[in-house]
Amino acid sequence: LYGINNPGILQDIHYNYIEAGADIIEANTFGANRFKLNIFGLGAQTEDINKEAVSIAKKTARGKALVAGSIGPTGQLLKPMGTADYKELFAVYSEQARALAQAGADLISIETMLDIGEMKIALIAVKQNTRLPVIAHMTFEQEGRSMTGTDPLTALVIIEALQPLAVGANCSGGAKELLPVIKQFRRNTNSYLTVEPNAGIPHLMDGETFFPDAPEEMAEYALRLYEAGANIIGGCCGTTPRHIQAMAQALKGVKPKSVSHGPLRALASRSRTVIISPETPLAFIGERINPTARKQLAQDIKESKMKLVIAEAKKQVQNGAPILDINMGVPGVDEPSAMAMAVYLVQNAVDTPVSIDSTNADAVEEGLRSFAGRALINSTTGEQKSLEKILPLAKKYGAAVLGLCIDEKGIPETQEGRLQIARRIYDAAKKHRLRDQDIYIDCLVQTASAEQSQIMETLQSISLIKSNFPVGIVLGVSNISHGLPARENINSTFLAMALAAGLDLPIINPFDERVMDVCRSAEVILNRDPSCLNYIRYYGRKNISADKEERVLRHIICSECNIPELLKNETGNAGSPLPSDSAVLPEDAAENSEFWKSLQKAVLEANTDDMCDLIQRALDRFPPLEVINKGLIPGIEEAGDLYEKKLYFLPQLMLSAEAMKKAFSIVKPLLKQEDDVSEGTVVLATVKGDIHDIGKNIVAVMLENYGFKVVDLGRDVDTEEIIKAAQNEKADIIGLSALMTTTMPAMGEIVKEIRARGLPCKVMIGGAVLNQDYADYIGADAYGKDARQAVIKARKLMKEFERQRI
């Protein structure tokens, strides 16, 4: 609003960058979405603010530079980390995108996205509501992942499938920090790459914000970024016109690097990519989340219960499934709602890509909306009406699509007939602007007991179709043996033959040990298991003791699959039955230990149904405080430890925290006064002038679930209000948050005022631009790098209080 009310100042800024050599300038609209503007009572002016900001930039550019409409994050977190959902964010981003396009922006730049789920929604909204080119930037933390756990390769796979003009990264520290990200992108794509680093990581010097990278340094790194394959190079925080001038001069006259990669065929969850390639370990789809011929699963789906769905997901992943099929096809069920719920819950329970298995277009779309990653749609057919419903969904949501070799006439009897349907599917997919790596064909397996003569036609169709089209081949292997005894013999033999014919992605039962033997053996024979290491690790365990075997196998599966839910310590229960199936009321010390482990695991995995049941049973025998100390606290502690080790990410940590919150709500009312487990009282606030509160909100949830009483004052809170609240609440700790260097000095003022008034409380600070040195500089008692560290530091401060009292 300030820029619009003072257009001369804004025009001067734009003009200086154009004169420095910028080819693109950005309209001052980064935070001009309805969610952000509502904070200032400006939500109703969203359209006008965006349009006027673009108009000012266009008047300044006068054709000398392109004007990009800038779109930033809303400040909301998607469920379960926050309260936002797809429809809310899509509406907000659509409104802003339309305003930017109507005002005449030349392109749109989506920037500084912390969560890949929000990035997807923003990108879909821009592409659905405008015809403008769009460039998409994620931001990564120093460990090389986004705030919610997405690594650069996974971000690339998900974003690139939505086909923006360019994929890239911005902010994220300086050019030095972003150089490895661009290198990783370029190793895996031919797409245009865009990068906007900060002028280094900012810090305060004599009360002023200082960005350490000089123009000459950024110019040097601009050349390195160019050599790494970047096509658009710019600057984010701290990048002055002098920086842009130095970079423009360094890059003057250079031509873009030409690259040539084959298409990357991959699916992805929020934080894990599964590559489907002859050079990588064999990928397959676990088939077990399917109610066909499974009465209990079908009944649960009818009753909107998803406990068995989650159990099947976890067990399949424990058995090595890298991708999970999800089918909610139960007669009489609201399939779109059931699919949305199942995909959402499976996504939060396991870190795997999914195959959304339905011919109901509404169910497919709801599943795609619920999934933060890149899914496979299973499936469409060669029928025109089916293609017209499903292919647009694949394009819109960046999904891969599986086409079945069947049409109105049924399954062709010959391989040539299946080739014709495959051609129809491929041509239709290309017409809808899908890429080769988005297209899979299922040659269809008929049962040997009924159509024995068709089996070889299916196998020959694989090689025929692959020789004609650059597609992936999928087969549902278990179909081959319906109605026959010893099905594992037929399944495993057929799988081996299909892999030899060129099958890329089988759909199998991961609990069929004969089939899994074929998978592991085929990896060796097809040279997809370098030095036979996976094979040796798995089968070599037969030569060691049973106890060591379990620990080694758990380590192998975890390291190979990188599944956070399996990464337990050696006393954990990876692969054990669900607590409700196995946990009994304890009678002796050994049973006590197993019971507590079951409860801890339920907290860790956010399995609230089992957790609540176990708590109620535990309370029949144990004091409430013992239930908290032996069952609940160790579970949330393990979640925190896995988060520290980067084996859990923010979504899993928040789910465990929410489970802990529910557990406390059951146990705490039963505590005697002398058993009060409150760790202390914390007053939290984002300081005056700063409206960012995502990090603070996460800290609040974590502190509450470790037993702290949290008084959250919100954002943009002045010093006097913070101090008054601390006095009224008798706070033990004041937690201060700031995301901008311009608001950091307010923290020093608050610390100074607290000391001057002699308040006994401790002060802890946190925020992206802060560090321990700044905490020491202003006299704060602690610095919390993230939510987990904030909890650790807060508990440490409370122990110091206790020692002082003693």
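Just above sits the structure.
Here the structure is a predicted model, which means the values were calculated and not measured.

Participant: Quick rundown of the overall build of the chain? Include the residues and the values.
Facilitator: A count of helices and strands for the chain gives 31 helices and 24 strands. By the compact-globule yardstick of 28 Å for 806 residues, the chain fits well, its C-alpha radius of gyration being 28 Å. Each principal axis of the C-alpha distribution contributes one length, and for the chain these read about 85 × 75 × 50 Å. In the chain, which comprises 806 residues, the share counted as buried stands at 57%. Partitioning the contacts of the chain with sequence separation of at least 6, the portion at a separation of at least 24 is 73%. Summed over all atoms, the accessible surface of the chain reaches about 33400 Å², with 50% contributed by carbon and sulfur.

Participant: Account for the pairing of strand 13 (residues 323–326), naming residues and giving values.
Facilitator: Side chains Ile323 and Asp325 of strand 13 all project onto a buried face; the interleaved residues Leu324 and Ile326 project onto the opposite face, where all are buried too. Taken together, the 3 bridges between strand 12 (residues 285–289) and strand 13 define a ladder with parallel strand orientation. Bridge pairing in strand 13 places Ile285 opposite Ile323. Direction of pairing for strand 13 relative to strand 14 (residues 354–357): parallel, over a ladder of 3 bridges. Bridging from a neighbouring strand, Ile326 pairs with Ile356 of strand 14. Assessed by its sense of winding, the connection that carries the chain from strand 13 through helix 13 (residues 335–349) to strand 14 is right-handed.

Participant: An account of the pairing of strand 12 is requested, with residue identities and associated values reported.
Facilitator: When a strand is regular, its side chains alternate between the sheet's two faces. Taken together, the 2 bridges between strand 12 and strand 19 (residues 505–508) define a ladder with parallel strand orientation. Residue pairing across strands places Ile285 opposite Ile507, the latter belonging to strand 19.

Participant: Can you break down the state of the cysteines residue by residue, with the values?
Facilitator: Going through the model one piece at a time under the given rule, you end up with 0 disulfides. Here Cys405 stays unpaired: no disulfide links it, and the sulfur of Cys443, its closest cysteine neighbor, is 5.0 Å away. According to the relative accessible area criterion, Cys405 is buried, its value standing at 0%. On the accessibility criterion, Cys443 (0% relative accessible area) is buried.

Participant: Can you explain the packing of aromatic side chains? Please cite residues and give values.
Facilitator: Going through the model one piece at a time under the given rule, you end up with 8 aromatic pairs. Between Tyr86 and Phe90, the aromatic rings sit 5.7 Å apart at their centres with planes inclined by 10°, giving stacked as the arrangement. Within this pair, Tyr86 and its partner Phe90 are both found in helix 5 (residues 86–102), separated by 4 residues, close to a single helical turn. Within the aromatic cluster, the residues linked to one another by ring pairs are Tyr86, Phe90 and Tyr397.

Participant: Which residues make up the packing of helix 14 (residues 361–370) against helix 15 (residues 384–397), and what values do they have?
Facilitator: As a packed pair, helix 14 and helix 15 sit with axes 10 Å apart at the nearest point and diverge in direction by 10°. The orientation of helix 14 with respect to helix 15, classified from their angle, is roughly parallel. In this structure, helix 14 uses Ala361, Val364, Glu365, Leu368 and Arg369 to contact helix 15, whose residues at the interface are Lys389, Ile390, Leu393, Lys396 and Tyr397. Residue composition of the contact of helix 14 with helix 15, grouped by class: 6 nonpolar, no polar and 4 charged.

Participant: Quick rundown of unusual backbone geometry? Include the residues and the values.
Facilitator: In this model, Lys79 is joined to Pro80 through a cis peptide bond whose omega is 5°. Along the chain, Pro80 turns up in the loop between strand 2 (66–71) and helix 5. Not every positive phi belongs to a glycine, and Thr112 is a case in point at roughly 55°. Here Thr112 shows up in strand 3 (residues 107–113).

Participant: Got a sec to walk through the packing of helix 13 against helix 14? Specific residues and values, please.
Facilitator: Contact geometry for helix 13 and helix 14: axes closest at 8 Å, N-to-C directions at 25°. By the angle class used here, helix 13 and helix 14 are roughly parallel. Pair helix 13 / helix 14 crosses with right-handed handedness. Between helix 13 and helix 14, the residues in contact are Glu335, Pro336, Met339, Ala340, Val343, Tyr344 and Gln347 and Asp362, Ala363, Glu366, Gly367 and Ser370, respectively.

Participant: Explain helix 14 residue by residue, including any values.
Facilitator: Within helix 14, burial applies to Ala361, Ala363, Val364, Glu365, Gly367 and Leu368. Near the N-terminus of helix 14, the side chain that reaches the backbone nitrogen of Asp362, with its oxygen 2.9 Å away, is that of Asn360.

Participant: I'd like to hear about the environment of Cys519, residue by residue, with values.
Facilitator: When you line up the elements, Cys519 lands in helix 19 (residues 513–525). In the structure, Cys519 is positioned 390 residues away from Asn129 in sequence and 45 Å away in space, judged by C-alpha atoms. For Cys519, the residues in contact, after removing those within four places along its chain, are Leu282, Leu495 and Ile508.

Participant: Residue-level account of the pattern of salt bridges, with values.
Facilitator: Taken as a whole, this structure holds 37 salt bridges when the rule is applied. Put simply, Arg145 and Asp151 hold a salt bridge, and the shortest N to O gap is 3.6 Å. Through salt bridges that share partners, Glu160, Arg374, Arg435 and Asp438 make up one connected network.

Participant: Can you tell me about the side chain of Glu95, naming the residues and giving the values?
Facilitator: Topologically, Glu95 is positioned in helix 5. Glu95 gets classed as buried once you look at its relative accessible area, which sits at 19%. Discounting chain neighbours no more than four positions away, the residues touching Glu95 are Arg34 and Thr46.

Participant: Talk me through the sheet that holds strand 14; I want residue IDs and the actual numbers.
Facilitator: If you walk around this closed barrel you meet the 8 strands as 12-13-14-15-16-17-18-19, and the pairing is parallel. Put simply, the sheet's adjacent strands are angled 25° from each other on average, direction ignored. Packed on one face of the sheet, helix 13 meets strand 12, strand 13 and strand 14 and runs near 160° to strand 13.

Participant: Pulling in residues and values, what's your account of the sheet that holds strand 6 (residues 192–198)?
Facilitator: Read across the open sheet, the 7 strands follow the order 1-2-3-4-5-6-9; overall the sheet is parallel. Both edges of this open sheet fall to strand 1 (24–26) and strand 9 (232–233), since each of them pairs with a single strand only. Two elements, strand 4 (residues 134–138) and strand 5 (residues 166–174), share 4 bridges in a ladder whose sense is parallel. Note that in strand 5 the partner of Met138 across the bridge is Ala169.

Participant: Tell me what's going on with helix 26 (residues 650–667), and back it up with residues and numbers.
Facilitator: If you check helix 26, its first and last C-alpha atoms are 25 Å apart, about what 18 residues at 1.5 Å a residue would give, namely 26 Å. For helix 26, the buried fraction is high: 13 of the 18 residues fall into the buried class.

Participant: Which residues make up the nonpolar core, and what values go with them?
Facilitator: In terms of nonpolar packing, the biggest core is built from 142 residues, with Ile110, Met328, Val346 and Ile465 touching the most fellow members. Tallying contributions element by element places helix 6 (residues 116–129) first for this core, with 8 residues. With residues up to four places along the chain from it excluded, the contact list for Ile110 reads Ile71, Met119, Ala122, Leu123, Val126, Val134, Ile135, Ala136 and His137. Of all hydrophobic cores here, the second largest spans 57 residues; its members include Phe622, Ile694, Ala782 and Ala794.

Participant: So what's going on with a nonpolar patch on the surface? Residues and values would help.
Facilitator: On the surface, a nonpolar cluster with roughly 320 Å² of combined accessible area is contributed by Tyr2, Ile9 and Ile13. With respect to the helices and strands, the residue Tyr2 is situated in helix 1 (residues 2–5). Overall, the relative accessible area of 57% leaves Tyr2 in the exposed class.

Participant: Explain the side chain of His137 to me, and be specific about the residues and the numbers.
Facilitator: Position of His137 relative to the elements: it lies in strand 4. For His137, a relative accessible area of 0% corresponds to the buried category. Reaching out from His137, the side chain makes a polar contact with the side chain of Glu196 at a distance of 3.3 Å. Ignoring sequence-local partners within four residues, the contact set of His137 consists of Ser109, Ile110, Glu111, Thr112, Met113, Met119, Gly168, Ala169, Asn170, Thr194, Val195 and Glu196.

What counts, and where the lines are drawn
Each chain has its residues counted from 1, running along the sequence as written. Owing to the predicted nature of the model, reporting of local features is limited to residues with pLDDT of at least 70; listing and counting of side-chain atom pairs is limited to 80 or more, with chain, interface and lining totals taken over all residues. Hydrogens and water are ignored here; the side-chain numbers use all heavy atoms of the structure. Strands here are runs of E lasting at least two residues and helices are runs of H or I lasting at least four, both read from the DSSP assignment and numbered beginning at the N terminus. Each radius of gyration reported is based on C-alpha atoms, and the globular scaling rule is 2.2 Å times the count of residues to the power 0.38. Under the scheme applied here, a residue whose accessible area is under 20% of the maximum for its type counts as buried, over 50% as exposed, and between as partly exposed, the area being computed with a 1.4 Å probe on protein chains only. By the convention used here, residues are in contact when the closest approach between their heavy atoms is within 4.5 Å. Using a 1.4 Å probe, the Shrake-Rupley method yields the accessible areas, and only the shown protein chains count as cover for residues. Pairing between strands requires that DSSP locate at least two bridges from one strand to the other. Handedness rule for crossovers: strands pointing away from the viewer, path from the first strand over the helix to the second running clockwise, crossover right-handed. Criterion for a disulfide: a pair of cysteine sulfur atoms at a distance within 2.5 Å. Pairing of aromatic rings covers Phe, Tyr and Trp, the last through its six-membered ring, and needs centres within 6.5 Å; plane angles under 30 degrees mean stacked, over 60 mean edge-to-face, and all others mean tilted. Axes here mean lines fitted to C-alpha atoms, for a helix over just the part in contact, with angles spanning 0 to 180 degrees between N-to-C directions. For classification purposes, an angle smaller than 35 degrees is called roughly parallel, one larger than 145 roughly antiparallel, one from 65 to 115 roughly perpendicular, and anything else oblique. Under this grouping Gly is polar, as are all residues other than the nonpolar Ala, Val, Leu, Ile, Met, Phe, Trp, Tyr, Cys and Pro and the charged Asp, Glu, Lys and Arg. Working rule for handedness: look at the near helix, and if it is turned counterclockwise from the far one by less than a right angle, call the crossing left-handed; if clockwise, right-handed. Here a polar contact is taken to be a pair of N or O atoms separated by no more than 3.5 Å, where protein atoms must pair a possible hydrogen donor with a possible acceptor and residues adjacent in sequence count only if both atoms sit in side chains. Salt bridge, as used here, is a side-chain nitrogen of Lys or Arg placed within 4 Å of a carboxyl oxygen of Asp or Glu. Multiply 1.5 Å by the residue count of a helix minus one, and that product is the helix's expected span. Think of a nonpolar core as a cluster: buried Ala, Val, Leu, Ile, Met, Phe, Trp, Tyr and Cys residues, connected wherever their side-chain atoms sit within 4.5 Å. Each patch is assembled from residues with relative accessible area greater than 30% and no salt bridge, linking like charges that lie within 9 Å and nonpolar side chains (Val, Leu, Ile, Met, Phe, Trp, Tyr) that lie within 5 Å.

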